[in-house]
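What follows is the residue order along each chain.
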Amino acid sequence: QVRPVESGGGSVQAGGSLRLSCTLSGSTVSFWTMSWYLQVPGKARVWVGDINTGGSTADADPVKGRFTITRDNAKNTVSLQMSSLNPEATAVYSCHIDGQTTDWGQGTQVTVSS
């Protein structure tokens, strides 16, 4: 069973930084374009950005210049480095394989206080 496993969330003050990690259980991230998403309770999941197999990235406009997605294939890990966080970033963050109907992980909670 292929399933992402997210970690690294926590509580930070506005303006702070946080690094999230995603490991793909049952497969390897080197084979896939991987995306990060956020979701607030009661609202739809929102795409944050992605990284393809060659290491090129694409980001949603609101996070350009502040969020950076990287991959470490040797560790089977995709990371989301978040800087200059504001309270609007408070959400559950998840990663997922692009274009696949594989399972979603539990996500990791990020809480940003003002």
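See the structure above.
What comes next is a walk through the structure. The structure displayed is predicted, hence computed values, not measured ones.

1. A few points about the sheet that holds strand β7 (residues 67-72)
- Taken together, four strands build an open sheet; the order of strands is β1-β3-β8-β7 and the sheet is antiparallel. Edge positions in the open sheet fall to β1 (3-7) and β7, since each of these has one partner strand only. Adjacent strand axes in the sheet meet at a mean angle of 20 degrees when their direction is disregarded.

2. So, the packing of aromatic side chains
- Per the stated rule, a full pass over the model turns up one aromatic pair.
- An angle of 65 degrees between the planes, with centres 5.2 Å apart, marks the rings of Y37 and W104 as edge-to-face. A residue pair is termed long-range when its members are at least 10 positions apart, and Y37 in strand β4 (residues 34-39) and W104 in the loop between β9 (91-97) and β10 (108-113) qualify at 67 residues.
- Take W104: its relative accessible area is 30%, and that puts it in the partly exposed class.

3. Some remarks on the environment of G8
- Considering the arrangement of structural elements, one finds G8 in the loop between β1 and β2 (10-13).
- By relative accessible area, G8 is classed as partly exposed at 38%.
- Measuring from C-alpha to C-alpha, the distance between G8 and I51 comes to 19 Å, with 43 residues separating the pair along the chain.
- Leaving out residues up to four positions away in the same chain, G8 has contacts with L18, R19, L20 and T108.

4. Comments concerning the environment of T70
- In this fold, T70 is placed in strand β7.
- Placed 15 residues apart in sequence, T70 and G55 show a C-alpha to C-alpha distance of 7.2 Å.
- Dropping the residues within four chain positions of it, T70 is found in contact with R19, I51, T77, V78 and S79.

5. Observations regarding the sheet that holds β9
- Spatially, β2-β10-β9-β4-β5-β6 is the arrangement adopted by the six strands of the open sheet, whose pairing is mixed. Lying at the two open borders of the sheet, with one neighbouring strand each, are β2 and β6 (57-59). Looking at each pair of strands side by side, their axes are set apart by 25 degrees on average, direction ignored.
- Where β9 and β10 come together, three bridges link them in antiparallel fashion. Following the sheet pairing, Y93 is matched in β10 by T108.

Thresholds, definitions, all that
- Residues numbered from 1 in each chain as written.
- Predicted model: local features only at pLDDT ≥ 70, side-chain atom pairs only at ≥ 80, totals over all residues.
- Heavy atoms only, no water.
- Pairing = 2+ DSSP bridges.
- Helix = DSSP H or I, 4+ residues; strand = E, 2+ residues; numbered from the N terminus.
- Axes fitted to C-alpha atoms, helices over the stretch in contact; angles between N-to-C directions.
- Phe/Tyr/Trp six-rings, centres within 6.5 Å; stacked < 30°, edge-to-face > 60°.
- Buried < 20%, exposed > 50% of the residue type's maximum accessible area, 1.4 Å probe, protein only.
- Contact = heavy atoms within 4.5 Å.

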